[in-house]
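Coordinates in review
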Amino acid sequence: MNPPSPSYAACVAWRETPNSRPVDLSVVIPAFNEQARIIPTIAAWVAHLAPRDLCWEIVVSDDGSTDATTALIELIGHVNVRLVRAPRNAGKGAAVHRGFSEARGRMVLFCDADNATPVQEIDGLIARLRAGADVAVGSRAAHGADVNNRSVLRSAMTTGLRRLVSLGLGIAVTDTQCGFKLFTADAARRVCAVHTIDGFAFDLEMLYLAERLGLTVAEVPVRWYDAPGSTVRPLQEAVRFLASIVRIRMNAARGLYAHA
């Protein structure tokens, strides 16, 4: 019988041995009824990061799931996977904020539970933070991005919304909605201290606040796959997205971002 590979041994060690060093990276995964996808996504992160000389953790921020999501997290029993529960479904933005508040890493990523942006793309984002950025945004619009399986309707809607974001909020980032964003711990703390939107367009507000705070935001091209089983409803979310742009403009006019 062949001995276990070094990679396998590293995965076992990460699963069974609590972190004893300061945490370099926290991976925050907001989850709502993700019983079919959460375990494969965690496994992908473990396989990619465990062999690295990196102290890291996963924080699953459950947003009031009514399926077996939380039971599965408890069942696998990984010591460096922490589960943060919400008493009720409050929105993806609320789940991300909750996860960020529990994260211990010097860098904090939030990523979607569907693994639409493969875990390997974290390497490019980490490189940009190490080069001096405060926030690194996975982008499906930046030169070099590789987008797969996106429907014609979703592509057309995305192009239109990007133009509205540029005109309505003046955000320089061309893809505000890719669910793969890395912050320094300080940047995450400063942005979360003033954000107000808990729904689908929460990351639009986060990027608006990051630019308002004078943080350096880097847009990094990534691979992205339109994952089967996505809960996003393009037309419904487009209406909510437009309402969020109006809300952000009104918040700014009312002085709710005065400390940003």
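This report concerns the structure included in the present document.

Basis of the calculations
- Residues numbered from 1 in each chain as written.
- Predicted model: local features only at pLDDT ≥ 70, side-chain atom pairs only at ≥ 80, totals over all residues.
- Heavy atoms only, no water.
- Buried < 20%, exposed > 50% of the residue type's maximum accessible area, 1.4 Å probe, protein only.
- Helix = DSSP H or I, 4+ residues; strand = E, 2+ residues; numbered from the N terminus.
- Contact = heavy atoms within 4.5 Å.
- 1 Å grid on protein atoms, 1.4 Å probe; cavity = no way out; pocket = protein on both sides within 12 Å on 5 of 7 lines; lining within 4 Å.
- Points joined across faces, edges and corners; volume = space filled by probe spheres on them.
- Nonpolar A, V, L, I, M, F, W, Y, C, P; charged D, E, K, R; others polar.
- Pairing = 2+ DSSP bridges.
- Axes fitted to C-alpha atoms, helices over the stretch in contact; angles between N-to-C directions.
- Phe/Tyr/Trp six-rings, centres within 6.5 Å; stacked < 30°, edge-to-face > 60°.
- Salt bridge = Lys/Arg side-chain N within 4 Å of Asp/Glu carboxyl O.
- Right-handed = clockwise from strand over helix to strand, strands pointing away.

Thoughts on helix α4 (residues 92–102)
Since the α-helix turns once every 3.6 residues, residues separated by three or four places project in the same direction. Along α4, the residues that are buried comprise G93, A94, A95, V96, G99 and F100. Close packing links the buried residues of α4 with β1 (25–31), β2 (56–62), β4 (107–111), β7 (180–184), α7 (185–192) and α8 (202–212).

A short note on empty space enclosed by the protein
Evaluated as defined, the whole model comprises 1 cavity of 30 Å³ or more. The calculated volume of the largest cavity comes to roughly 60 Å³. Around the largest cavity, the lining residues are T41, W45, C111, D112, D114, N115, A116, T117, C178, G179, F180 and W224. Here the residues of the lining of the largest cavity are counted per class, giving 6 nonpolar, 4 polar and 2 charged.

Brief notes about the sheet that holds β1
Strand pairing in a sheet relies on backbone hydrogen bonds, with the paired strands running either antiparallel or parallel. Overall, mixed pairing links the 7 strands, which are arranged β3-β2-β1-β4-β7-β5-β8 in an open sheet. Since the sheet does not close on itself, it has two edges, and those belong to β3 (81–84) and β8 (217–221), each with one partner. Within the sheet, the average angular offset between the axes of one strand and its neighbour, ignoring direction, is 20°. As paired strands, β2 and β3 are joined by 4 bridges and run parallel to one another. Bridged to V59 within β3 is R82.

A few points about the packing of aromatic side chains
Counted by the stated rule, this structure contains 6 aromatic pairs. Judged by centre distance (5.8 Å) and plane angle (55°), the ring pair of Y208 and Y257 falls under tilted. Taken together, the residues Y208 in helix α8 and Y257 in the segment after α9 (234–253) connect sequence positions 49 residues apart. By way of ring pairs, the aromatic residues F100, F110, F183 and F202 are connected into one cluster.

What about unusual backbone geometry?
If you check the backbone angles, N33 has positive phi at about 55° while not being a glycine. Tracing the backbone shows N33 in the loop between β1 and α2 (38–49). Exposure remark for N33: the relative accessible area of 31% places this residue in the partly exposed category. For N115, which is not a glycine, the phi torsion comes out positive at approximately 60°. Along the chain, N115 turns up in the loop between β4 and α5 (122–130).

Overview of the pattern of salt bridges
The tally for this structure, following the rule as stated, stands at 13 salt bridges. Residue R82 is joined to E57 by a salt bridge in which the shortest nitrogen-to-oxygen separation is 3.1 Å. Remark: E57 occurs in strand β2 and R82 occurs in strand β3; sequence separation between them is 25 residues. Look at E57 and you get buried, because its relative accessible area is 1%.

A closer look at the pairing of β2
Of all 7 residues in β2, 7 are buried; the element is thus mostly enclosed. Burial along β2 is two-sided: the residues W56, I58, V60 and D62 and E57, V59 and S61 are all buried. Bridge analysis of β1 against β2 gives 7 bridges, and the strand direction is parallel. The residue of β2 that forms the bridge with S26 is E57. Handedness of the crossover is the feature at issue here: the chain leaves β1, passes through α2, returns alongside β2, and the resulting connection is right-handed. In this fold, β2 hands off to helix α3 (residues 69–76), which returns the chain to β3; that crossover is right-handed.

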